[in-house]
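The residues making up each chain are set out below.
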Amino acid sequence: MNGILSVSTVLNTASAGLIVLGLYIVFTQKNLIKMVIGLDLADTGVNVLLVSTGYIKGNTAPIFSKAGLQVSQMVDPVPQALVLTSIVIGFGVSALALALIIRLYQKTGTLDTSKIRGLKW
Amino acid sequence: MVNPILLIIIPLGTAFLISTLASALKNTTKYLALLALLANVWISISLLPEVLQRPINVIIAGVKPPVGINLFVGPLGAVFSVIISIAGVLILLYSFKYIEGEQQHKYYTLFLLLITGSHGMILTGDVFNLFVFFEILAISSYILVGYAGDKNGFEAAVKYLILGSIGSIFILVAIALIYEGTGTLNMADLAGKFSTLDPARRLMILVFFITGMGVEAAVFPLNSWLPDAHSSAPSSISAVLSGFVIEIALVVIIKFVYTIFAMTEVLGFLAVAGVITLLVGEFAAFRQSNIKRVLAYSSIGQIGLILFAMSLNSKAGINAGMMQIINHTASKSILFLTAGYMIVKTGSYQFSDYRGIAKKMPVSSFFFVLGVLSLLGVPPFFGFFSKLNIIIAALHAGGAFYITMVFLVLLGTIIESIYFLKILQVFYARDTAILDVKEAPFLPLLSIALFSLVILLGFLFLPQITSYTGNIASELVTKLQMAQVF
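From a predicted model like this one, the values you see are computed outputs, not experimental measurements.

Engineer: Just to check I follow, could you spell out the overall build of chain A for this structure?
Structural biologist: Across its full length, chain A carries three helices and zero strands. Its helices and strands taken in sequence order, chain A reads α-α-α from the N to the C terminus. Roughly 7100 Å² of accessible area belongs to chain A as shown, and the carbon and sulfur atoms make up 65% of that amount.

What follows is the structure, encoded as structure tokens:
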């Protein structure tokens, strides 16, 4: 990319924005489903940050897809492996969260944390 | 040499075996779980003497660090593995009677996954691997908190999950920043390279990491999930969570601050956080009427005390903190496990309903008293020695600051003794309103009795125990880990 913005700046801003937005949703919303959406957004932000750490300007994906492709022409593959793991974990946690929320809804009939008064929130 | 990786593989493999064979084995899956954990106890104990000679470094899949993932078993890892496996096996023994029903294989699967995550977090030598094991531990504990299937259980599980996920987001941000700055994820490699980063970034990583782990370690003000989760979970799981899960997160923080980040200047701040956590926990416990909430808040207090001891930046402090961890694991497990059957038998969580219960459940009440005495630090129980060591270490640190801290710690202990004596007074009241309550079954009592052997006879083995904990202290303070990996 040319001009004022470099790719790293865009990625870092996007990830910081997503994380802050996600955490803001988690802390301000009272609906449990919305809180899970907030967590997902923040998770995505972290994933963007992770991928951006391996970015090297002008380099391509770390796959030997074409003959003559050198390692020095590729971006760092480690963060991409990390982010795959992180996506899977994030997916698992969201699925578990939604499953628990469904069961909680069956018991209480509400998704509003201020109305679930069993314990202190 | 037994390969330490078995400590992780055996419970993980057995967990999947149990869930596959569940329909064939019905309710005998628990014996499989017991076998796996007994193997873990044997492995971890047989590793101990070897590790004291020389830390063990396990290379996984033949790729050498810093590129590959390694396990590093130093004194800290070895001693913690012993604590995890012994506490795990005893609590599993308790669960045999306590957890009933057709679906019990799910409980044992998750229990083994929790043990897997615990061993992994303490043994791994790779920062991202730490995160993966952290998630294994966290996800299985979210589900176990809601295992009972009642409203409070689900609510506590959801709350724990949301706060725990925020914690893991912070940890992952710290890991991303670490990798961006140093280009390595291996802990030993990192320890060498971390100091090359500029101070602002180092501080940023440290804050993200401590905030993330601090959620799991229940350091104030990140501990609002703990009283709900620990009190709504089945009592056996409360014992696991209070007994070693929060301590593992705490020890990981301490290990990172001492060896990997090597930023001992933040320890003063952590010591203050510890004392605040202690006071908040004890004051909150004082006002509770639900027995499990009392115990949960008391765990927050104890975590604060351990954090304080370990943040003294001296070998004596870490030594005392480790002893306090052993004491807390044993005595808090006793308290949660005895309270578990009192709740089952009386059907009430309010300890005011247990008036005169000592007449009906004499053995349980007796063990409860033992647990309380050791937690409070009454001689000759093990807790006396650990608390005494903490106070001595803090006074050695010297200065008006630490002397004030010691006063606050003692204040916390006084509050603790007031509310526990209040409970004991109810237990041993002369009149009783409880009619047909029977003593807990034999197997749970056996597991509780084995726990109480630790606090009763601990003082006989003080030299041995301090030789192990002393090695942990030198591992952390002199950064032993870093020299031996490559």
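Engineer: Quick question: what am I supposed to make of the pairing of strand β2 (residues 70-73) of chain B here?
Structural biologist: If a strand is regular, its side chains alternate between the two faces of the sheet. All names here are of chain B. The alternating pattern of β2 places N70 and F72 on one face and L71 and V73 on the opposite face, and all of these are buried. Here four bridges tie strand β1 (residues 56-59) to β2, and the two strands are oriented antiparallel to one another. Bridge assignment links I59 to a residue of β2, and that residue is N70.

Engineer: Help me understand the packing of helix α2 (residues 32-53) of chain A against helix α6 (residues 151-182) of chain B in this model?
Structural biologist: Helix packing geometry: the angle between the two helix axes and the distance between the axes. It is at 9 Å that the axes of α2(A) and α6(B) come closest, and there the two elements cross at 10°. Here α6(B) runs roughly parallel to α2(A), going by the angle between their axes. Touching A:L32, A:M35, A:L39, A:A42, A:D43, A:V46, A:L49, A:L50 and A:T53 of α2(A) are B:V158, B:I162, B:S165, B:I166, B:I169, B:L172, B:V173, B:A176, B:Y179 and B:E180, all from α6(B).

Engineer: Even after reading the chapter, I still don't get the environment of B:Q103, so can you show me in this structure?
Structural biologist: Residue and element names in this part refer to chain B. The topology assignment puts Q103 in the loop between α3 (75-98) and α4 (104-123). For Q103, a relative accessible area of 41% puts it in the partly exposed group. Separated by 129 residues in the primary sequence, Q103 and S232 have C-alpha atoms spaced 19 Å apart. One polar contact links Q103 to K106, side chain to side chain, over a distance of 2.6 Å.

Engineer: What exactly am I supposed to notice about the side chain of B:T109 here?
Structural biologist: Residue and element names in this part refer to chain B. By the secondary structure assignment, T109 is in helix α4. What makes T109 buried here is its relative accessible area of 12%. Setting aside residues up to four positions removed in sequence, T109 forms contacts with A15, I18 and S19.

Engineer: I tried to follow the packing of helix α12 (residues 291-310) of chain B against helix α16 (residues 382-397) of chain B on my own but got confused; where do I start?
Structural biologist: All names here are of chain B. In contact at an axis separation of 10 Å, α12 and α16 are set at 45° when each is read in the N-to-C sense. As judged from the angle between their axes, α12 and α16 are oblique. By crossing handedness, the relation of α12 to α16 is classed as left-handed. The segment α12 lies against α16, with Q302, L305, F308 and A309 engaging K387, I390 and A394.

Engineer: Mind showing me how you'd approach the interface of chain B and chain A here?
Structural biologist: Think of interface size as the accessible area that goes away when the parts come together; that is how it is often given. In this assembly, 31 residues from chain B lie in contact with 35 residues from chain A. Roughly 3100 Å² is buried in total at the junction of chain B and chain A, and carbon and sulfur atoms are behind 82% of that figure. Our count for the contact surface shared by chain B and chain A stands at zero salt bridges. Where the side of chain B that touches chain A is concerned, the elements lending two or more residues are α5 (127-145), α6 and α9 (226-232) of chain B. Ranked by the residues each element gives to the side of chain B that touches chain A, the list is headed by α6(B), at 19 residues. Its residues assigned to classes, the side of chain B that touches chain A comprises 20 nonpolar, four polar and seven charged.

Engineer: Before we go on, may I ask you to explain unusual backbone geometry in this structure?
Structural biologist: Where the residue is not glycine, phi is negative for most of them; where a peptide bond is considered, it is trans in most cases. Residue and element names in this part refer to chain B. Residues F220 and P221 are joined by a peptide bond in cis, for which omega reads 5°. Here P221 is to be found in the loop between α8 (199-217) and α9. With phi around 60°, A218 is a residue other than glycine that occupies positive phi space. Examined against the element boundaries, A218 turns out to sit in the loop between α8 and α9. Its identity as a non-glycine residue notwithstanding, A262 has a phi of 50°, on the positive side. By relative accessible area, which is 37% here, A262 ends up partly exposed.

Engineer: Is there a simple way to explain helix α1 (residues 7-28) of chain A in this structure?
Structural biologist: With 22 residues, α1(A) extends 31 Å from end C-alpha to end C-alpha; this agrees with the ideal 32 Å at 1.5 Å per step. Residues of α1(A) that are buried make contact with α2 of chain A together with α6 of chain B.

Engineer: Where do I start with the packing of aromatic side chains in this structure?
Structural biologist: How two aromatic rings sit relative to each other is given by the distance of their centres and the angle of their planes. Residue and element names in this part refer to chain B. All told, the structure shown has 23 aromatic pairs over all chains when counted by the stated rule. Ring centres of F128 and F131 lie 5.6 Å apart, and the angle between their planes is 40°; on these two criteria the pair is classed as tilted. Linking F128 with F131, this pair stays in helix α5, spanning three residues, or about one helical turn. Each ring, one from F256 and one from F261, has its centre 5.4 Å from the other, and the planes form 70°; the classification is edge-to-face. Each member of the pair F256 and F261 is classed as buried. Feature note: the residues Y31, F96, Y107, Y108, F111 and Y147 constitute an aromatic cluster, connected by ring pairs. Taking NZ or CZ as reference, K30 lies 5.4 Å from the ring centre of F96, over its face. The ring of F286 is capped by K422, whose NZ or CZ atom sits 4.8 Å from the centre of that ring.

Engineer: Whenever I open this one, the nonpolar core confuses me. Can you help?
Structural biologist: It is characteristic of soluble globular proteins that their nonpolar side chains tend to be buried jointly. Residue and element names in this part refer to chain B. M213 and F261 are the most contacted members of the largest nonpolar core, which totals 197 residues. The element best represented in this core is α6, accounting for 19 residues. Residue contacts for M213: discarding those within four places in its chain leaves M121, L130, F134, I171, A249, V252 and I253. Counting residues in hydrophobic clusters, the runner-up holds 17 residues, among them I390, A394, M405 and V406.

Engineer: Could you clarify how one ought to interpret the environment of B:G125 in this entry?
Structural biologist: All names here are of chain B. One can find G125 in the loop between α4 and α5. Spatially, the C-alpha atoms of G125 and N57 are 8.7 Å apart, while their sequence positions differ by 68 residues. Contact partners of G125, with chain neighbours within four places excluded, come to N70, L71, F72, L185, N186 and M187.

Engineer: How should I be thinking about the pattern of salt bridges in this particular structure?
Structural biologist: Charged atoms that come close allow side chains of opposite charge to pair. Residues and elements named next belong to chain B. All chains considered together, the criterion is met by six salt bridges over all chains. The shortest N-O distance in the salt bridge between R201 and E180 comes to 3.9 Å. Of this pair, R201 sits in helix α8 while E180 sits in helix α6; the two residues are 21 residues apart in sequence, bridging distant segments of the chain. For R201, a relative accessible area of 25% puts it in the partly exposed group. Because the salt bridges share partners, they merge into one network encompassing K159, D228 and R293.

Cut-offs and rules
Residues numbered from 1 in each chain as written. Chains lettered and ligands numbered in written order. Predicted model: local features only at pLDDT ≥ 70, side-chain atom pairs only at ≥ 80, totals over all residues. Heavy atoms only, no water. Helix = DSSP H or I, 4+ residues; strand = E, 2+ residues; numbered from the N terminus. Areas by Shrake-Rupley, 256 points an atom, 1.4 Å probe, with all protein chains shown as cover. Buried < 20%, exposed > 50% of the residue type's maximum accessible area, 1.4 Å probe, protein only. Pairing = 2+ DSSP bridges. Axes fitted to C-alpha atoms, helices over the stretch in contact; angles between N-to-C directions. Parallel < 35°, antiparallel > 145°, perpendicular 65-115°, else oblique. Contact = heavy atoms within 4.5 Å. Polar contact = N/O pair within 3.5 Å; in protein donor to acceptor, adjacent residues only side chain to side chain. Left-handed = near helix turned anticlockwise from the far one by under 90°. Buried area = accessible area lost by both parts, 1.4 Å probe. Salt bridge = Lys/Arg side-chain N within 4 Å of Asp/Glu carboxyl O. Nonpolar A, V, L, I, M, F, W, Y, C, P; charged D, E, K, R; others polar. Expected span 1.5 Å × (residues − 1). Phe/Tyr/Trp six-rings, centres within 6.5 Å; stacked < 30°, edge-to-face > 60°. Lys NZ or Arg CZ within 6 Å of the ring centre and 35° of its normal. Core = buried A, V, L, I, M, F, W, Y, C linked by side-chain atoms within 4.5 Å.

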